[in-house]
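# Summary of structural features
Residue-level listing of the chains:
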Amino acid sequence: MKSYSSFSYSCIGENHIKKGIVCQDSSLNVTNSRYSFAATADGHGSLCYLRTDRGSEYAVDCAQSCVDEFLRNLKDTDADLNNEDERDELFFQLWKSIVSRWHSNAEEDFRFEPFSQEELDRIPEQFDYYRERYLSGRYIEAYGTTLAFAVVTEDFAFCAQIGDGSCVAINEDGEVYEPIPKDPRCHDNVTTSMCQEDAAFSARFVYFPKDNIPPVIFLGTDGIENSYWSENQLFGFYRGLALTFSENGQDEAVRQLAMFLPEMTRRGSGDDVTCAGVIDYDRLKNMEEILKAAICEAEEEMNELSDKDAAIVVTKDEEAPISAPPTGSDSIEVESFDGEDPESEAE
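The paragraphs below set out a description of the structure included in this document. (Residues numbered from 1 in each chain as written. Predicted model: local features only at pLDDT ≥ 70, side-chain atom pairs only at ≥ 80, totals over all residues. Heavy atoms only, no water.)

### A closer look at the pattern of salt bridges
Cut-off, in case you're wondering: Should a side-chain nitrogen of Lys or Arg be within 4 Å of a carboxyl oxygen of Asp or Glu, the pair is scored as a salt bridge. In this text, helices come from DSSP runs of H or I with a minimum length of four residues, and strands from runs of E with a minimum of two, each type numbered from the N-terminal end.
This structure, assessed with the given rule, holds 23 salt bridges. Put simply, Arg131 and Asp128 hold a salt bridge, and the shortest N to O gap is 1.7 Å. Of this pair, Arg131 and Asp128 both sit in helix α5 (residues 128-135), three residues apart, which is roughly one turn of that helix. Note that Glu225 is salt-bridged to Lys182, the shortest N-O span being 3.5 Å.

### A closer look at a negative patch on the surface
Rule in force here: Any residue with relative accessible area above 30% and no salt bridge may belong to a patch, with like charges joined within 9 Å and the nonpolar Val, Leu, Ile, Met, Phe, Trp and Tyr side chains within 5 Å. Per-residue and other accessible areas follow the Shrake-Rupley method at a 1.4 Å probe size, with only the shown protein chains counted as cover for residues. Under this rule, positive means Lys or Arg and negative means Asp or Glu; His and the chain ends count for nothing. Charge positions come from single atoms, namely NZ of Lys, CZ of Arg, CG of Asp or CD of Glu. Each residue's exposure class comes from its accessible area (1.4 Å probe, protein chains only) as a fraction of the maximum for that residue type: buried when under 20%, exposed when over 50%, partly exposed otherwise.
On the surface, a cluster of negative charge is contributed by Asp80, Glu84, Asp85, Glu86, Asp88 and Glu89. The topology assignment puts Asp80 in the loop between α2 (52-75) and α3 (84-112). For Asp80, a relative accessible area of 34% gives the class partly exposed.

### Considerations on the environment of Asp42
Relative to the assigned elements, Asp42 resides in strand β3 (residues 36-42). Relative accessible area serves as the criterion here: at 2%, Asp42 is assigned to the buried category. Spatially, the C-alpha atoms of Asp42 and Thr146 are 5.2 Å apart, while their sequence positions differ by 104 residues.

### A word on helix α10 (residues 288-303)
Using the following cut-off: Helices are assigned an expected span. That span is 1.5 Å times one less than the residue count. Directions are taken from the helix axis to each C-beta atom, and the arc is the one they span.
Its 16 residues place the ends of α10 22 Å apart at the C-alpha level, agreeing with the 22 Å of an ideal helix rising 1.5 Å per residue. Buried within α10 are the following residues: Glu288, Leu291, Ile295, Glu299 and Met302. Looking down the long axis of α10, one finds its buried residues gathered within 80° of arc, a one-sided arrangement. Residues of α10 that are exposed and angled more than 90 degrees away from the buried face: Glu289 and Glu300.

### What about the sheet that holds strand β7 (residues 176-177)?
Strand pairing in a sheet is mediated by backbone hydrogen bonds. Such pairs are either parallel or antiparallel. Let me state the cut-off plainly: Should DSSP find at least two bridges between two strands, the strands are regarded as paired. The contact criterion used is simple: two residues touch if any of their non-hydrogen atoms lie within 4.5 Å. What counts as an axis is a line fitted to C-alpha atoms, over the stretch in contact for a helix, and the angles between N-to-C directions run from 0 to 180 degrees.
Taken together, the five strands give an open sheet; going across it, the order is β1-β10-β9-β6-β7, and neighbouring strands pair in antiparallel fashion. Both outer strands of the open sheet, β1 (4-11) and β7, are each paired with one neighbouring strand and no more. Two strands pair when backbone bridges link them, and strand β9 (residues 216-220) and strand β10 (residues 273-280) are joined in this way by five bridges, in the antiparallel orientation. In the strand pairing of β10, Ile217 is matched with Val278. Contacting β1, β6 (166-170), β7, β9 and β10, helix α7 (residues 231-248) crosses the sheet at an angle of about 55° to β6. Docked against the sheet, helix α8 (residues 250-267) engages β1 and β10, running at close to 25° with respect to β1.

### So, the sheet that holds strand β5 (residues 156-162)
Across the sheet, which stays open at both edges, the five strands sit in the order β2-β3-β4-β5-β8 with antiparallel pairing between neighbours. Looking along the sheet, the strands with just one partner apiece sit at the ends: β2 (25-31) and β8 (204-209). This sheet shows a mean twist of 5° between the axes of neighbouring strands, independent of strand direction. Pairing geometry for β3 and strand β4 (residues 147-152), over five bridges, is antiparallel. Across the sheet, the residue bridging to Phe37 is Val151, located in β4.

### Here we look at α7
Its 18 residues place the ends of α7 26 Å apart at the C-alpha level, agreeing with the 26 Å of an ideal helix rising 1.5 Å per residue. Downstream of α7 by one or two residues, Gly249 has phi in the positive range, about 85°.

### What about the nonpolar core?
Put simply, the test is: Nonpolar core, defined: a set of buried Ala, Val, Leu, Ile, Met, Phe, Trp, Tyr and Cys residues in which side-chain atoms within 4.5 Å join the residues together.
If you look at the biggest cluster of nonpolar residues, it comprises 47 residues, and the most contacted ones within it are Ile98, Leu147, Phe149 and Phe158. Secondary-structure elements contributing two or more residues to this core are β3, α2, α3, α5, β4 and β5. Looking at which element gives the most residues to this core, the answer is α2, with 10 residues. Leave out the neighbours within four places in its chain, and Leu147 touches Thr40, Ala41, Ala59, Val60, Ala63, Trp95, Ile98, Ala160, Gln161, Ile162 and Met194. Residues Cys11, Ile170, Val176 and Phe245 belong to the second largest nonpolar core, which totals 31 residues.

### Quick notes on the environment of Glu69
To keep it simple, the criterion reads: Counting of polar contacts relies on pairs of N or O atoms within 3.5 Å, with two restrictions inside protein: one atom must be capable of donating a hydrogen and the other of accepting it, and residues adjacent in sequence are counted only when both atoms are side-chain atoms.
Tracing the sequence through the fold places Glu69 in helix α2. With relative accessibility at 37%, the residue Glu69 sits in the partly exposed group. For the pair Glu69 and Leu94, spaced 25 residues apart in sequence, the C-alpha to C-alpha distance is 9.2 Å. Of note is the side chain of Glu69, whose polar atom sits 3.0 Å from the side chain of Arg101.

### Focus: the environment of Cys186
With respect to the helices and strands, Cys186 occurs in the loop between β7 and β8. Classification of Cys186 as buried rests on a relative accessible area of 18%. For the pair Cys186 and Asp164, spaced 22 residues apart in sequence, the C-alpha separation works out to 5.9 Å. The contacts of Cys186, once residues within four sequence positions are left out, are Gly163, Asp164, Thr191 and Thr192.

### Some details on the pairing of β4
Counting buried residues in β4 gives six out of six residues, a clear majority hidden from the surface. Side chains Leu147, Phe149 and Val151 project from β4 onto one buried face, and the interleaved Ala148, Ala150 and Val152 project onto a second face that is buried too. Relative to β5, β4 runs antiparallel, the two being bridged by six bridges. Note on β5: the bridge partner recorded for Leu147 is Ile162. Between β4 and β5, which pair antiparallel one after the other, the connecting turn spans three residues.

Following this line, the structure appears as structure tokens:
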């Protein structure tokens, strides 16, 4: 894929470490001669959802395999993605295939390994109805997860998402924005999910024709978003991240990201944090001065704030040029797809 490449990295949350909970985020990236792909998934963070770590892993794997088949089939047909009605139908069929394959993987996992008594005993007593749900056959909820992915080809690009988290694009003029519409059903600790009955109808897509593909598309689970106090601060993180990739190259940038994310979750959300993306390095390299100017402008604005109110410090430290998160509470991020909040606590 010429100058395009993809990356992904997941980091266990500080609160998960404290509580002995596994990382429930997953991520995946693939770049080959036909496309560049990146995906993130965030399993629902509660002891009541017993296998969300597996669910999130299935989500990114199913998305990649279904996208691969979708693009192969698209090449063999006369489908026109520039036709909005035809495109919407094709994307709907793609999403249905992802949801169906995800369900099949979760169902196969359960058939091969039903819930053990040890797993069921993890459910807090006051939420015994989750145990009853699972024992009655509604076990798919135990695998609940969000999913977001981005795909770039030579001729077009598209992104899709169910649930919370962020998809952030950066244009060549330095504009940072979220191309996928927000879902009003996702708020506080509530999110839509792959495990819902209407999951096939809950995806949001955005399509980019060839002449409008952003040079940078980032994906982040809500552990990143919740580590910042405003959209501007979140966008500042991604702008700094883009500059890090441009100045240092992908391997070094991912290494620095891996060093930074534990600090982000420690000082920020406390949740698992995952970042992935697809980048056109040729075009990104040409944006360096624009990004630097935008970062300097943000620094000047931050200097006008008091130390107490400043939430992002954009550093020029050679070893850590990525924007630092604000100091936040260590409240665990608990996601509930049906509006219930089984284990929300503030420490």
